[in-house]
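Here is how the chains run, residue by residue.
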Amino acid sequence: MSQNMTRRNFALGAVGAAALFGVAACGNQPPADSGEEPSEGQASEEMPAPPMEVFSYASTIDRVHDFAFPHSNVCAPAYYIYAGTKTQSEADELVRELQLQENLDAWGGTATVVNPIGVDYAPEDNDALKELIGVGATNVKLIGIESGATFVNNVLSQDCFYVAGIMCFGGETDEGLSYNVPVPTYLSGATQTAIDYYRTANACDGEGEGTGGATLYTSSEHELQNVAVGPEGEDLATAFKNAWDNVFEKNYRQCNWVTEFYMLNLNGLNLVGNPLEEADHPGDLLKVTHFDRIGLSVEAHVNESLEGVEGECTWYEYVPEGARDAADGSCPLLLTLHGNNNDPRINVETAGWADVAVAENLLVVSPEWQMPGGDPADPENEGFTNATGLNGMGDDGVIALVKSLLAKYPQIDASRVYVSGLSAGGAKSMYYGVAFGELFAAVASFSGVNNMGAELTEAADATERKTPLLYLCGDHDQLGMIPVDGSSEHGFVELTEGDMVPQESDPNTHIWPAIQAYQRVCGLEVVENPDMEANEYYGMALENQQEVKLGTRDMLVGSLSDDEGELIRLGAIKMYPHWNYEFEGAYAWEFLRQFSRNQETGALERTYR
């Protein structure tokens, strides 16, 4: 049994729970375990902890900080097990019977055996679960056993907008349960009522081949909305293994609609203080990418030396099998930069770049670009923090890294090197595209802030190279980059006193100066002042302005062009906050691939590949 096992009467509020389970912070937010006092709307006394006893188990391998591991912690499963009232020894035995520890170690997961508040599970245990989880839920898996399975079926399944997967072993299901939200499910020893309910909830209209003797029901609406029914007589360990193979390993879930998953207390409070109706929008079911299965190798370079850089650096190389033996100069390269205080591994998993890499023989590299320390008063540190605690490489190191990759992989086409990033990484990518335009053919910025506005403006005034820009931002972004006049109803920044104020007071979030800089870089007419009647988000008339679908979201998008074609594309994703979106990578690639950089003259060329 793991030595990390603990027993406790749960006594944490939302912030404490996030710290306990290692939620990753992103964008410009402090990490959940930063030790900062909660601001207004976050105080634990407003969200009292439930009076419940739980037994917690953790991985003996800290995968979050095992930086050779290819996955970030958004994919780490968090199991909540309902099996009736258990003593410490009974909970230990149950975890052993499930053979759960190996899975926890493999994925950096956690498991919590949850006792009922009263004699039996009741509706109050539902809110208690959400309070136990707190904020930042991404991969919650519910396991119900016998009476616990009955509770999962009849109560928790009716309020599971944040749940990534369910396993029920035995138990009963009430007749006439109404459809709630789709949630991938594994059923062992289940009644036909339970099977019918979960098939309906997941819109399963087909069958596929299951593993371990399970029957797999599939949905034509969504590849992850699966229900698997186990064979008769399987024991708990076999049921869990089959649940993992058929359902659990395939997906995680993030509630990114009107607020970011890391800002949402599951009992309905946005941590900037706004009540939510989040259950109206179930979290997106997102694919866990098993890199080896799709033909993408991940090379982790952790605290290694890099020619031309003092000290050690950390970066990740994602190399498609097809690129290994590709002809010299035939493969593009993408540099992707994480958001402030993010794990460098996060972008490839959450923006869809893995699938793009395999389909396009695109090499992707994700560096730890931020320097450690995080002193906001230190101008050389740009007010940002490094989440990993590893040595960041800074601007000189990133450019040295790109040059070293060109030498290491002759397959790379030096004319097709691109840069992208999220949030602070989006700001940095916009800066790199101009300041180091000889290296980069085009830029894609996701939720990019304007903290480098002055540097970007200076670099734009000093260059004659055109660099195309794709900029995508959610209209519910809490940092309020759009609308560009600072009028976002959803944009807030937190002052040091803890007060929440409209974001128009924070010039670092305004993206207007960055867009103006790119207009100058691209040789286009510079729009001096926003005209919000011309475009409600970007304050200027755009060509080909239209609403399109980006995944499940609507997006208003338009372009700015010269005589040869599009150079700047600006998109506002409806009902989306400050975070990557799994469809952004493929969309960005269709923009980026249009451009290349002539290696002799430095001129921008339109490749339309």
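Described in the following lines is the structure provided in the data block.

How each quantity is defined
- Residues numbered from 1 in each chain as written.
- Predicted model: local features only at pLDDT ≥ 70, side-chain atom pairs only at ≥ 80, totals over all residues.
- Heavy atoms only, no water.
- Phe/Tyr/Trp six-rings, centres within 6.5 Å; stacked < 30°, edge-to-face > 60°.
- Helix = DSSP H or I, 4+ residues; strand = E, 2+ residues; numbered from the N terminus.
- 1 Å grid on protein atoms, 1.4 Å probe; cavity = no way out; pocket = protein on both sides within 12 Å on 5 of 7 lines; lining within 4 Å.
- Points joined across faces, edges and corners; volume = space filled by probe spheres on them.
- Nonpolar A, V, L, I, M, F, W, Y, C, P; charged D, E, K, R; others polar.
- Axes fitted to C-alpha atoms, helices over the stretch in contact; angles between N-to-C directions.
- Parallel < 35°, antiparallel > 145°, perpendicular 65-115°, else oblique.
- Contact = heavy atoms within 4.5 Å.

1. Comments concerning the packing of aromatic side chains
Geometry of an aromatic ring pair is reported as the spacing of the ring centres plus the angle between the planes. Under the definition given, this model contains 23 aromatic pairs. Ring centres of Tyr82 and Phe151 lie 5.4 Å apart, and the angle between their planes is 40 degrees; on these two criteria the pair is classed as tilted. Within this pair, whereas Tyr82 is found in strand 3 (residues 78-82), its partner Phe151 is found in helix 5 (residues 147-154), the two being separated by 69 residues in sequence. For the pair Phe261 and Trp579, a centre-to-centre distance of 5.2 Å together with 70 degrees between the ring planes defines the contact as edge-to-face. Here Phe261 is found in the loop between strand 11 (251-254) and strand 12 (264-265), whereas its partner Trp579 is found in the loop between strand 26 (565-573) and helix 16 (584-592), with 318 residues between them in sequence.

2. Concerning empty space enclosed by the protein
A full pass over the atoms with the stated rule returns 3 cavities of 30 Å³ or more. Within this model, the largest cavity holds a volume of roughly 60 Å³. In terms of lining, the largest cavity is formed by Tyr252, Gln254, Asn256, Asp284, Leu286, Thr350, Tyr576, Asn580, Tyr581 and Glu582. Looking at the lining of the largest cavity, the elements that each hand over two or more residues are strand 11 and strand 14 (284-287). Split into classes, the residues belonging to the lining of the largest cavity amount to 4 nonpolar, 4 polar and 2 charged.

3. So, the packing of helix 2 (residues 88-98) against helix 7 (residues 236-246)
Relative to each other, helix 2 and helix 7 sit at 60 degrees, their axes nearing to 7 Å. Of the possible angle classes, the one that applies to helix 2 and helix 7 is oblique. Contacts between helix 2 and helix 7 pair Leu94, Glu97 and Leu98 from the former with Leu236, Ala237 and Phe240 from the latter. Among the residues making up the contact of helix 2 with helix 7, the classes are represented as 5 nonpolar, no polar and 1 charged.

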